[in-house]
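# Tertiary structure, described
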Amino acid sequence: MIRHTVRCMFFLKRDFSSQPDVVEASAKSPEERGGRRRLGLALTAVILIGVASYFLVQSRMSSQPEISLTKEQKEVDDFLRDYYLAYGNVSVSRLLVLFDNKAILSAPDGSIYRGASDIRSYYSQVFMGYENFTVVRSIVNIEVRGGDARAIYDVRMRTWYFGATEAPQIFTRESFGLKKSSGSWIITALVIEQTPAR
């Protein structure tokens, strides 16, 4: 401790009178300064192009091509939009309202769930530990025949949980069987198949 103090005192007593008060900047030619400026602008341009490309690709992936739907098809699609909103918000109770009491669900692993109780159990297991899902869906086909309908979607979802930074994406094809009951659609069957990344 004493040695340290003595060294500090020695440093403070040091004579700085021989050193210049003004530090001269090294003289650089205009070509050198221009070269650095161009390099900086080029790097900035590359970064901006990279960021713009990323957002362009993301917007193309999330937007589906415009599909012309009939009034009945739009009604089915609007109903299933509620399904995907409830799924994204991990709300088992909101999902169950959309299913018939005798509905059948086939999970990606081939397991079959019959009726409201089994379907509740399936979604409770799927949602366990997750805060929400980001879901992007695209229509493959919607067929409406009187009071029955069939809808097929390609789905890309990302799971989120506390502390996650970049969760993996899951790709599925989901085929719905629906029927009209008391003036509104209800899901009677759902087949979920895992598909390769696209």
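This text goes with the structure placed above it.
Residues numbered from 1 in each chain as written. Predicted model: local features only at pLDDT ≥ 70, side-chain atom pairs only at ≥ 80, totals over all residues. Heavy atoms only, no water.

## Re the overall build of the protein chain
A tally of regular secondary structure across the protein chain gives five helices and six strands. Of the regular secondary structure in the protein chain, the N- to C-terminal order runs α-α-α-α-β-β-α-β-β-β-β. Counting all 198 residues of the protein chain, 28% fall into the buried class. Pairs at least 24 residues apart make up 51% of the contacts formed inside the protein chain by residues separated by at least 6 positions. For the protein chain, the exposed area adds up to about 14000 Å²; of that, 57% sits on carbon and sulfur atoms. (Helix = DSSP H or I, 4+ residues; strand = E, 2+ residues; numbered from the N terminus. Buried < 20%, exposed > 50% of the residue type's maximum accessible area, 1.4 Å probe, protein only. Contact = heavy atoms within 4.5 Å. Areas by Shrake-Rupley, 256 points an atom, 1.4 Å probe, with all protein chains shown as cover.)

## Thoughts on helix H3 (residues 71–88)
For H3, built from 18 residues, the straight-helix expectation of 26 Å at 1.5 Å per residue is met to within 8% by its first-to-last C-alpha distance of 26 Å. Every buried residue belonging to H3 is among Gln73, Val76, Asp77, Phe79, Leu80, Tyr83, Tyr84, Ala86, Tyr87 and Gly88, and all of these are buried. Looking one or two residues past H3, Val90 carries a phi angle of roughly 45 degrees, positive in sign. (Expected span 1.5 Å × (residues − 1).)

## A look at the sheet that holds strand S6 (residues 184–194)
On the basis of which strands lie adjacent, the open sheet formed by six strands has the order S2-S1-S6-S5-S4-S3 and mixed pairing. Strand pairing shows two members of the sheet lacking a second neighbour, strand S2 (112–114) and strand S3 (132–145), which therefore form its edges. Taken over all neighbouring pairs, the strand axes of this sheet differ in orientation by 20 degrees on average, direction set aside. Across four bridges, the pairing between strand S1 (residues 99–106) and S6 is parallel. Bridge pairing in S6 places Ser106 opposite Val191. Strand contacts of H3: S1, S3, strand S4 (148–160), strand S5 (169–181) and S6, with the helix running at about 155 degrees to S3, the strand carrying the most contacts. Sheet strands touched by helix H5 (residues 115–127): S1, S2, S3 and S6. Its angle to S1, the strand with the most contacts, is close to 55 degrees. (Pairing = 2+ DSSP bridges. Axes fitted to C-alpha atoms, helices over the stretch in contact; angles between N-to-C directions.)

## Concerning the side chain of Asp77
The topology assignment puts Asp77 in helix H3. The contacts of Asp77, once residues within four sequence positions are left out, are Leu69, Arg137, Ile139, Ile142 and Tyr153.

## What to know about the side chain of Asp154
Tracing the backbone through its elements, the reader meets Asp154 in strand S4. Looking at Asp154, the relative accessible area reads 15%, which means it is buried. Reaching out from Asp154, the side chain makes a polar contact with the side chain of Arg173 at a distance of 2.8 Å. (Polar contact = N/O pair within 3.5 Å; in protein donor to acceptor, adjacent residues only side chain to side chain.)

## Focus on unusual backbone geometry
The phi torsion at Val90 lies on the positive side, around 45 degrees, for a residue other than glycine. Even without being glycine, Ser182 reaches a positive phi, approximately 55 degrees. The residue Ser182 is located in the loop between S5 and S6 in this model.

## Description of the pairing of S6
Bridge count for S5 against S6 is ten bridges, and the pairing is antiparallel. Within the sheet, the bridge partner assigned to Phe176 lies in S6 and is Leu190. Counted along the chain from S5 to the antiparallel partner S6, the turn is two residues long, and its residue Ser182 has a positive phi close to 55 degrees.

## Things to note about the nonpolar core
Leu80, Tyr83, Leu105, Tyr123, Phe176, Leu178 and Ile187 are the most contacted members of the largest nonpolar core, which totals 34 residues. Of all the secondary structure elements, the ones that give two or more residues to this core are H3, helix H4 (92–96), S1, H5, S3, S4, S5 and S6. If you tally residues by element for this core, the top one is H3, at seven residues. Each residue touching Leu178, except ones within four places of it in the same chain, is listed here: Val76, Phe79, Leu80, Gly147, Asp148, Ala149, Ala151, Trp185, Ile186, Ile187 and Thr188. (Core = buried A, V, L, I, M, F, W, Y, C linked by side-chain atoms within 4.5 Å.)

## Considerations on the pattern of salt bridges
Summed over all chains, the structure comprises seven salt bridges. For the salt bridge of Arg137 with Asp77, the shortest nitrogen-to-oxygen distance reads 2.7 Å. Here the residue Arg137 occupies a position in strand S3, and Asp77 occupies one in helix H3, the gap between them amounting to 60 residues. Here the salt bridges do not stand alone but share partners, grouping Lys74, Asp77, Asp78, Arg81 and Arg137 into one network. (Salt bridge = Lys/Arg side-chain N within 4 Å of Asp/Glu carboxyl O.)

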